[in-house]
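What follows is the residue order along each chain.
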Amino acid sequence: MDTKSIKQFAKLILKFGVNLQNGQCFELSCPVTEYKVARIFIDTAYEMGAKYARVRWNDEKVDASTYLNADEKTLTNVPKWFVLSKNELVEKNFCYVAIAADDPYAFKGVPEDKIARIAKARSKALKKFSDTVMANGIRWCVVSVPTLQWAKTVFPNSKKPEKDLWQEIVKTMRLDCDNPEQKWQEHVDNLIRHASRLNDFNFEFLHFKNSLGTDLKIGLAENHVWLSALEKAKDGVDFIANMPTEEVFTAPHRLKADGKLYSAMPLVYNGNIIDKFSLTFKEGKIVDYSAEKGYSTLKGLIETDSGTLRLGEVALIGKNSPIAKSGILFYNTLFDENASCHLAIGKAYPTTIKNGSSLSTTELKDLGANDSVEHVDFMIGTDDLTVTGITKNGEKIPVFTDGDWVI
Ligand code: ZN
Ligand code: ZN
């Protein structure tokens, strides 16, 4: 990665992603190995008028050693300073960028159930923070840069895996052109068009079907709103929470999912891979599940709380998105979820309900929007996926045929 292209990447994210404002504080969460990227982000943030810019370093190797060696009681007791440091981001209206570049095998050898219990304790401790983030209380953006172990997983036969992965990231970020900002504007407008068509239809149900065996009817929450890339934070400033992003998404009804789904791609969760899994739903609840790989990780996720037994997001992505067309399995949800229609287990985004950010959890639940300490996306879209919208009058409208938009 050369300095010039990282600088261009940082500029695009700070401007279009978190939309850093003059005089605002900024935090970057970054793997320690990518310190060069961090330095460029911090310099760029100050150039753009940041009042204060800082880095939250993380290191999977340290985490893996800690998970393996420290006792569970210590690790499930989440330190107060950590929770306070997260809540401070909200209190001081920081915007933050998180670099997601995990090694999919980072926690190999650590018992999956131990990781699941630590993750659960952490999610619980950070519930207030994650609720605020999911309601767009602050502006945030998740992005990726290649780390060696991740790149090796994506390109196992390459001599320069990090370079190859960076090239793909540049393409999916629409940085391989003269005017990336204009390209993003066009892309965002296109997604908004799809979202507004779906909002006009105001479907009651979506029916997903494909040759993997997925046959699932999902009810949508009352007063649901279809959203896409561009969102508005509480302070009225626009931002994009994921870059890249290709999705148009909304809230399913927590009590209305019936049928069975099969995963279309592996899911990396807490440093473990869950693959070839199925979920069976009855009245919105997961009543049965299986996985050829990572069964106990899936079990840990589903059993986190009562909300992880239900759905919190339904997202549509056409098979002709640049990420889908690359045909690459990224082992990273940020990319893989943008290659394929996906659902999420756990909490629904309050923003996917009309006026949702100002409603209480109980009010949101009454409308069908799910609550949980978790929100985990997984992919179900295939090249032959059909999605049929069913209106309140029972009219059936094709939304996707052969894995792509038809409305
Ligand atoms: Zn999504
Ligand atoms: Zn999601």
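None of the values given here were measured: they were computed from a predicted structure. (Residues numbered from 1 in each chain as written. Chains lettered and ligands numbered in written order. Predicted model: local features only at pLDDT ≥ 70, side-chain atom pairs only at ≥ 80, totals over all residues. Heavy atoms only, no water.)

S.K.: In this structure, what is going on with unusual backbone geometry? I would like to understand it.
M.R.: Here M243 and P244 are connected by a cis peptide whose omega angle stands at 5°. Residue placement: P244 occurs in the loop between strand 8 (238-240) and strand 9 (248-250). Even without being a glycine, N19 presents a positive backbone phi close to 55°. Among the structural elements, N19 can be located in the loop between helix 1 (3-17) and strand 1 (25-31). Given a relative accessible area of 22%, N19 falls into the partly exposed group. (Helix = DSSP H or I, 4+ residues; strand = E, 2+ residues; numbered from the N terminus. Buried < 20%, exposed > 50% of the residue type's maximum accessible area, 1.4 Å probe, protein only.)

S.K.: Quick question: what am I supposed to make of the sheet that holds strand 15 (residues 342-346) here?
M.R.: Strand pairing within a sheet occurs via backbone hydrogen bonds; the two strands may be parallel or antiparallel. If you walk across this open sheet you meet the 4 strands as 9-14-15-16, and the pairing is antiparallel. In this open sheet, the two edge strands, each paired with only one partner strand, are strand 9 and strand 16 (375-379). Sheet twist, expressed as the average angle between the axes of neighbouring strands with direction ignored, equals 20°. Two strands pair when backbone bridges link them, and strand 14 (residues 311-316) and strand 15 are joined in this way by 4 bridges, in the antiparallel orientation. Looking at strand 15, one finds that V314 is bridged to L343. (Pairing = 2+ DSSP bridges. Axes fitted to C-alpha atoms, helices over the stretch in contact; angles between N-to-C directions.)

S.K.: Hey, could you run me through helix 2 (residues 35-47) in this one?
M.R.: Residues three or four positions apart in an α-helix share a direction because the helix packs 3.6 residues into each turn. For helix 2, with 13 residues, the first-to-last C-alpha span of 18 Å sits near the 18 Å given by 1.5 Å per residue. Residues V37, A38, I40, F41, I42, T44 and A45 constitute the buried set of helix 2. Buried residues in helix 2 make contact with helix 1, strand 1, strand 2 (52-58) and strand 3 (95-99). Two residues or fewer past helix 2, G49 is found with a positive phi of approximately 100°. (Expected span 1.5 Å × (residues − 1). Contact = heavy atoms within 4.5 Å.)

S.K.: Would you mind showing me how to read the packing of helix 1 against helix 2 here?
M.R.: The packing of two helices is summarised by the inter-axis angle and the distance between the axes. Packing of helix 1 against helix 2 leaves a shortest axis separation of 9 Å and a crossing angle of 50°. Relative to helix 2, the element helix 1 lies oblique. In this structure, helix 1 crosses over helix 2, and the sense of that crossing is right-handed. On helix 2, the residues that touch T3, I6, K7, F9, A10, K11, I13 and L14 of helix 1 are V37, I40, F41, T44, A45 and E47. (Parallel < 35°, antiparallel > 145°, perpendicular 65-115°, else oblique. Left-handed = near helix turned anticlockwise from the far one by under 90°.)

S.K.: Where do I start with the packing of aromatic side chains in this structure?
M.R.: Any aromatic ring pair is given by two values, namely how distant the centres are and how the planes are angled relative to each other. The full count for this structure, using the stated rule, is 15 aromatic pairs. One aromatic cluster is present, built from ring pairs that chain together F9, F26, F41 and W166. Lying across the ring of W184, R174 places its NZ or CZ 5.8 Å from the centre. In this arrangement the basic side chain of K217 is found over the ring face of F205, its NZ or CZ atom lying 4.6 Å from the centre. (Phe/Tyr/Trp six-rings, centres within 6.5 Å; stacked < 30°, edge-to-face > 60°. Lys NZ or Arg CZ within 6 Å of the ring centre and 35° of its normal.)

S.K.: Is there a simple way to explain the sheet that holds strand 4 (residues 140-143) in this structure?
M.R.: In spatial order, the strands read 2-1-3-4; together these 4 strands make up an open sheet with parallel pairing. Looking at which strands have only one partner, the edges of the open sheet turn out to be strand 2 and strand 4. Within this sheet the neighbouring strands show an average axis-to-axis angle of 15°, counted without direction. Each of strand 1, strand 3 and strand 4 is contacted by helix 1, which is oriented at about 145° to strand 4, the strand it contacts most.

S.K.: How do you make sense of the coordination of the zinc ion (ligand 2) when you look at a structure like this?
M.R.: Where a metal carries four tetrahedral donors, each ideal angle is 109.5 degrees; where it carries six octahedral donors, the ideal angles are 90 or 180 degrees. For the zinc ion (ligand 2), every protein donor is listed as E313 (OE), H375 (NE2), D377 (OD) and D377 (OD), and the spread of their distances is 2.0 to 2.5 Å. Around the zinc ion (ligand 2), the 4 donor atoms are arranged such that angles at the metal cover 55 to 143°; this shape is classified as irregular. Counting along the primary sequence, the residues that act as donors to the zinc ion (ligand 2) give the motif E-x61-H-x1-D. Separating the zinc ion (ligand 2) and the zinc ion (ligand 1) is a distance of 3.3 Å, and E313 donates to both of them. Residue classification places D377 among the buried positions, given a relative accessible area of 10%. (Donors = N, O, S within 2.8 Å, 3.2 Å for Na, K, Ca; no water. Tetrahedral: all angles 85-135°; square planar, octahedral: opposite > 155°, others 65-115°.)

S.K.: Help me out: how do you make sense of the coordination of the zinc ion (ligand 1) in this one?
M.R.: Those protein atoms acting as donors to the zinc ion (ligand 1) are E247 (OE), E313 (OE) and H342 (NE2), and they sit at 1.9 to 2.2 Å. Each donor residue of the zinc ion (ligand 1) belongs to the same chain, and together they define the spacing E-x65-E-x28-H.

S.K.: Could you clarify how one ought to interpret the packing of helix 5 (residues 80-91) against helix 7 (residues 127-134) in this entry?
M.R.: At a minimum axis separation of 9 Å, helix 5 and helix 7 run at an interaxial angle of 30°. On the basis of their axis angle, the class for helix 5 and helix 7 is roughly parallel. For the crossing formed where helix 5 meets helix 7, the hand is left-handed. In contact with K86, N87, L89 and V90 of helix 5, helix 7 contributes K128, F129 and T132. Classifying every residue of the contact of helix 5 with helix 7 by side-chain character gives 3 nonpolar, 2 polar and 2 charged. (Nonpolar A, V, L, I, M, F, W, Y, C, P; charged D, E, K, R; others polar.)

S.K.: Any chance you could explain the pattern of salt bridges here in plain terms?
M.R.: Two side chains bearing opposite charge may form a pair once their charged atoms approach each other closely. For the coordinates displayed, the defined rule picks out 17 salt bridges. Shared partners join several salt bridges into a network, and the residues in it are E27, R54, R56, E88 and K92. (Salt bridge = Lys/Arg side-chain N within 4 Å of Asp/Glu carboxyl O.)

S.K.: What's the story with the nonpolar core in this structure? I'm lost.
M.R.: One recurring pattern in soluble globular proteins is that nonpolar side chains are buried together. Of all hydrophobic cores here, the largest spans 111 residues; its most connected members are F9, F26, F41, M243, L279, L316 and F378. Broken down by element, this core gets its largest block of residues, 7 residues, from helix 1. When neighbours within four sequence positions are excluded, F41 is seen to be in contact with F9, A10, I13, L14, F26, L28 and V97. (Core = buried A, V, L, I, M, F, W, Y, C linked by side-chain atoms within 4.5 Å.)

S.K.: Just checking my understanding: could you explain the side chain of N242 for this structure?
M.R.: Within the fold, N242 resides in the loop between strand 8 and strand 9. Classification of N242 by relative accessible area gives buried; the value is 14%. Not counting residues within four places of it along the chain, the set of residues in contact with N242 comprises W140, C141, V142, E247, L334 and E337.

From the geometry alone we can't say anything about function, so treat these as descriptive.
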